[in-house]
Amino acid sequence: MSPVDSTTLRRGVLTAVALGCAAVVLLGIAGSEPTTPTPHGATPGSNVGPWHLVGLGDSITSGAGCPGCTNFVDLYAHDITDATAVPVGVTNLGVPGWTSTDLLTSLSDPTTVGTVAEADIVVVTIGANDFLPMLDPALSGQCGGADGLSCFDSALGTLHDNLTAILDRIRELRGGRPTAVRVTGYWNVFLDGHVADATYGPLFQRASGALTQRVNATIQGVADAEKATYVDLYTPFKGPGGDDDDTPLLAPDGDHPSQGGHQEIAEALTAAGLAPLRGGR
């Protein structure tokens, strides 16, 4: 396969892709600053809470790519309040383009440290951007391995180590207080749906889907080892067999969630419960 010209855009950046026979461009969105939405209210008189929810991660967490949408962090907070009558304040620290290294580094920043230290609920969505630098070798047929994905192996190791350190740091900052830590996977670490098919062909989704499942397995393994709760997003978006068309759940860029996609993520988080918080399950 001949090399393909790169283009930048996306969850960090989009490069040109063709794992097999099609060219691909992977999006990168320059980001907005972390935001602190208005806390979500609840019926007075509850005997637990209020709780503080912090979202950590990349542009999926930040809500980039879907102008006018309510992002899943806010939706999740509303769902918690609806289910428990406990007020939930929200701080969204998602930053478009961030890698797991960026997130780990941020957990030494005094402002972030103080915010996470007071977080009863922490949602982490990170890792997709770790794999963007390896796309050019894959596009030029130099990735290696029977499946053409071996050049991503080092990034999988980096994600494993960084995510382990991230969850260790969250636990350290919380100082042993009960904390509901939820770590999500991805439906695709790159483009998906009709945008991917129309622009890059079906082989792209097949290859990126295989990589995404490896990424999700790494994330779930770390979450389990660190006694956090892994939240699967692949199945809600792609179906049990991984072949559902998730276009309605994607923004027009084919990369970020639509409003429906953000709702699916919030529902998956809500279904995971709130243990070990008092009043959670």
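Heads up: the structure comes first, above all this text.
Sequence order as written defines the numbering, with residues in each chain counted from 1. Residues qualify for local features only when their pLDDT is at least 70, as the model is predicted, and side-chain atom pairs are given and counted only at 80 or more; totals for whole chains, interfaces and linings, by contrast, use all residues. To obtain the side-chain values, all non-hydrogen atoms of the structure were included, while hydrogens and water were left out.

Engineer: Looking at this structure, how should I read the overall build of the protein?
Structural biologist: Scanning the protein from terminus to terminus reveals ten helices and five strands. The buried label applies to any residue whose accessible area, calculated with a 1.4 Å probe on protein chains only, is under 20% of its type's maximum; exposed applies above 50%, and partly exposed to all values in between. Taken over 281 residues, the protein has a buried fraction of 54%. Working rule for contacts: check all heavy atoms of both residues, and any pair within 4.5 Å makes them a contact. Here the contacts in the protein between residues at least 6 apart in sequence split such that 75% fall between residues at least 24 apart. Here the open area of atoms and residues is found with the Shrake-Rupley method and a 1.4 Å probe, where only the protein chains shown may cover a residue. Summed over its atoms, the accessible surface of the protein is roughly 11000 Å², and 54% of this surface lies on carbon and sulfur atoms. Secondary structure elements follow DSSP: runs of H or I no shorter than four residues count as helices, runs of E no shorter than two count as strands, and numbering proceeds from the N terminus.

Engineer: What am I meant to see in the state of the cysteines here?
Structural biologist: Note that a disulfide, as used here, is simply two cysteine sulfur atoms within 2.5 Å. The final tally for this structure, using the stated rule, is two disulfides. Through a disulfide, Cys-66 is tied to Cys-69; the S-S separation comes to 1.8 Å. Across the disulfide from Cys-143 sits Cys-151; the S-S distance is 2.0 Å. Judged by the torsion about the S-S bond (-90°), the Cys-143/Cys-151 disulfide is left-handed. Accessibility expressed as a relative area gives 16% for Cys-151, which makes it buried. What links to what in the protein: the bonded cysteines, counted in sequence order, pair as 1-2, 3-4.

Engineer: So what exactly am I meant to see when it comes to helix H8 (residues 202-225) here?
Structural biologist: For an α-helix the count is 3.6 residues per turn, leaving residues at separations of three or four pointing the same way. Here H8 spans 35 Å end to end across 24 residues, near enough to the 34 Å set by a 1.5 Å rise per residue. At the exit of H8 stands Lys-227, carrying a positive phi of roughly 60°. By definition here, a helix of n residues has an expected span of 1.5 Å times n minus one.

Engineer: Help me out: how do you make sense of the pattern of salt bridges in this one?
Structural biologist: Working definition: two side chains of opposite charge can pair if their charged atoms are close together. Here, a salt bridge means any Lys or Arg side-chain nitrogen found within 4 Å of an Asp or Glu carboxyl oxygen. Throughout the structure, instances matching the rule amount to eight salt bridges. A salt bridge links Asp-153 to Arg-214; the shortest N-O distance between them is 3.9 Å. Residue Asp-153 is found in helix H6 (residues 153-174), and its partner Arg-214 is found in helix H8; the two are separated by 61 residues along the sequence. For Glu-226, the salt bridge goes to Arg-171, with nearest N and O atoms at 3.1 Å. Taken together, the residues span a long stretch of sequence, with Glu-226 in the loop between H8 and strand S5 (229-231) and Arg-171 in helix H6 at a distance of 55 residues. The structure contains a network of salt bridges with shared partners spanning Asp-147, Asp-153 and Arg-214.

Engineer: I tried to follow the sheet that holds S5 on my own but got confused; where do I start?
Structural biologist: The strands that make up a sheet are held in pairs by hydrogen bonds between backbone atoms, and each pair lies either parallel or antiparallel. Spatially, the five strands line up as an open sheet ordered S2-S1-S3-S4-S5, and their pairing is parallel. Edge positions in the sheet fall to strand S2 (88-92) and S5, since each of these pairs with one other strand and no more. The average angle at which neighbouring strand axes cross in this sheet is 20°, direction not considered. Note: strand S1 (residues 51-57) against S2, five bridges, orientation parallel. Looking across to S2, one finds that Trp-51 is bridged to Val-88. Fitting a line to C-alpha atoms yields each axis, with helices limited to the stretch in contact; the angle taken between N-to-C directions then spans 0 to 180 degrees. Strand contacts of H8: strand S4 (180-184) and S5, with the helix running at about 160° to S5, the strand carrying the most contacts. Two strands are said to pair when DSSP picks up at least two bridges between them.

Engineer: Where do I start with unusual backbone geometry in this structure?
Structural biologist: Across residues other than glycine, the phi torsion is negative in most instances, and most of the peptide bonds are trans. Residue Ala-275 is joined to Pro-276 through a cis peptide bond whose omega torsion reads 10°. Positionally, Pro-276 belongs in the segment after helix H10 (259-271). Backbone geometry at Ala-85 places phi at a positive 60°, although glycine is not the residue there. Along the chain, Ala-85 falls in the loop between helix H2 (72-84) and S2. With a relative accessible area of 28%, Ala-85 lands in the partly exposed category. Even without being a glycine, Lys-227 presents a positive backbone phi close to 60°. By secondary structure assignment, the location of Lys-227 is in the loop between H8 and S5.

Engineer: Help me understand the packing of H6 against H8, please; the structure alone is not making it clear to me.
Structural biologist: Relative orientation and spacing of two packed helices are given, respectively, by the angle between their axes and the distance between those axes. Viewed as axis vectors pointing N to C, H6 and H8 meet at an angle of 30°, and their least axial separation amounts to 9 Å. Classified by the interaxial angle, the pair formed by H6 and H8 is roughly parallel. Judged by the twist between their axes, the crossing of H6 over H8 is right-handed. Of the residues in H8, those touching H6 at Asp-153, Leu-156, Leu-159, His-160, Leu-163, Thr-164 and Leu-167 are Arg-214, Val-215, Thr-218, Ile-219, Val-222 and Ala-223. Our angle categories are set so that under 35 degrees counts as roughly parallel, over 145 as roughly antiparallel, 65 to 115 as roughly perpendicular, and the remainder as oblique. For any pair of crossing helices, the crossing counts as left-handed if the nearer helix is rotated counterclockwise from the farther one by less than a right angle, and right-handed if it is rotated clockwise.

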